[in-house]
Amino acid sequence: KQTFKLSLANNKALLTDTTRNLNFYKIEDKEIVNEVLTFKHYYDTRSFMEESLKNKIAIVNNEFGKATVFKNFNQKPISI
């Protein structure tokens, strides 16, 4: 069970996880928040990909080159 304590330090809100003795401050710099969220997105996506590859869930396209190609939404296929 985690226990948290909210207090003020140097006129800033401080959240302390008393179970693990960790301090958390509010981040007000929008650029840092954006970078953290971007990193989290890439990390989550990469983790999902690695888990899929490990469990052999991901299937790589082994039928490359067998599709029909159309140019500019034309109804007539083209040869490549």
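Our structure is the block above this text.
In what follows, the accompanying structure is described. Everything quoted here is computed from the prediction, not taken from an experiment.

Looking at a nonpolar patch on the surface
A cluster of nonpolar side chains, namely F4, L6, L15, L22 and F24, defines an oily patch on the protein surface of about 470 Å² accessible area. Elements with a minimum of two residues in the nonpolar patch: β1 (4-9) and β3 (22-25). Considering the arrangement of structural elements, one finds F4 in strand β1. On the accessibility criterion, F4 (45% relative accessible area) is partly exposed.

What to know about the pairing of strand β2 (residues 12-17)
Pairing of β1 with β2 involves 6 bridges; the strand directions are antiparallel. Residue pairing for β2: L6 is matched across the bridge by L15. With antiparallel pairing between neighbouring strands as the criterion, β1 and β2 make up a hairpin whose turn holds 2 residues, including N10 at a positive phi of roughly 55 degrees. As paired elements, β2 and β3 share 4 bridges and run antiparallel to each other. Its bridge partner being in β3, T16 is matched across the sheet by N23. Linking β2 to β3, which pair antiparallel, is a turn of 4 residues; within it N21 sits at a positive phi near 55 degrees.

With respect to the environment of T68
For T68, the position within the fold is in the loop between α1 (30-54) and β4 (69-70). With 10 residues separating them along the chain, T68 and I78 place their C-alpha atoms 7.8 Å apart.

Concerning α1
Between the first and last C-alpha of α1 there are 36 Å, a value that for 25 residues agrees with the 36 Å anticipated at 1.5 Å per step. With a side-chain oxygen positioned 2.9 Å from the backbone nitrogen of E31, the residue opening α1 is D29.

A look at unusual backbone geometry
Residues other than glycine seldom take positive phi values, yet N11 does so here, at roughly 60 degrees. Positionally, N11 belongs in the loop between β1 and β2. In this structure N11 comes out as exposed when scored by relative accessible area, which is 79%. At K56, a residue that is not glycine, the phi angle is positive and equals roughly 55 degrees. Tracing the backbone through its elements, the reader meets K56 in the loop between α1 and β4. A relative accessible area of 72% means that K56 is categorised as exposed.

Rules used in this analysis
Residue numbers run consecutively from 1 along every chain, following the written order of its sequence. In view of the model being predicted, local features appear only for residues whose pLDDT reaches at least 70, and side-chain atom pairs are presented and counted only at 80 or more, with totals across whole chains, interfaces and linings using the full set of residues. Water and hydrogen atoms were dropped before computing side-chain values, which therefore reflect all heavy atoms in the structure. Patch criteria: residues need more than 30% relative accessible area and no salt bridge. Like-charged residues are merged within 9 Å; nonpolar side chains of Val, Leu, Ile, Met, Phe, Trp and Tyr are merged within 5 Å. Accessible surface is estimated by sampling points in the Shrake-Rupley manner with a 1.4 Å probe; for residues, cover comes only from the protein chains shown. In the sections that follow, a salt bridge refers to a side-chain nitrogen of Lys or Arg positioned within 4 Å of a carboxyl oxygen of Asp or Glu. Here a helix means four or more residues in a row that DSSP labels H or I, a strand means two or more in a row labelled E, and each is numbered from the N terminus. The buried label applies to any residue whose accessible area, calculated with a 1.4 Å probe on protein chains only, is under 20% of its type's maximum; exposed applies above 50%, and partly exposed to all values in between. At least two DSSP bridges between two strands are required for those strands to pair. Each helix should span, by expectation, one fewer than its residue count multiplied by 1.5 Å. Any N or O atom pair separated by 3.5 Å or less is treated as a polar contact, with the protein-specific requirement of one donor-capable and one acceptor-capable atom, and with residues adjacent in sequence counted only for side-chain atom pairs.

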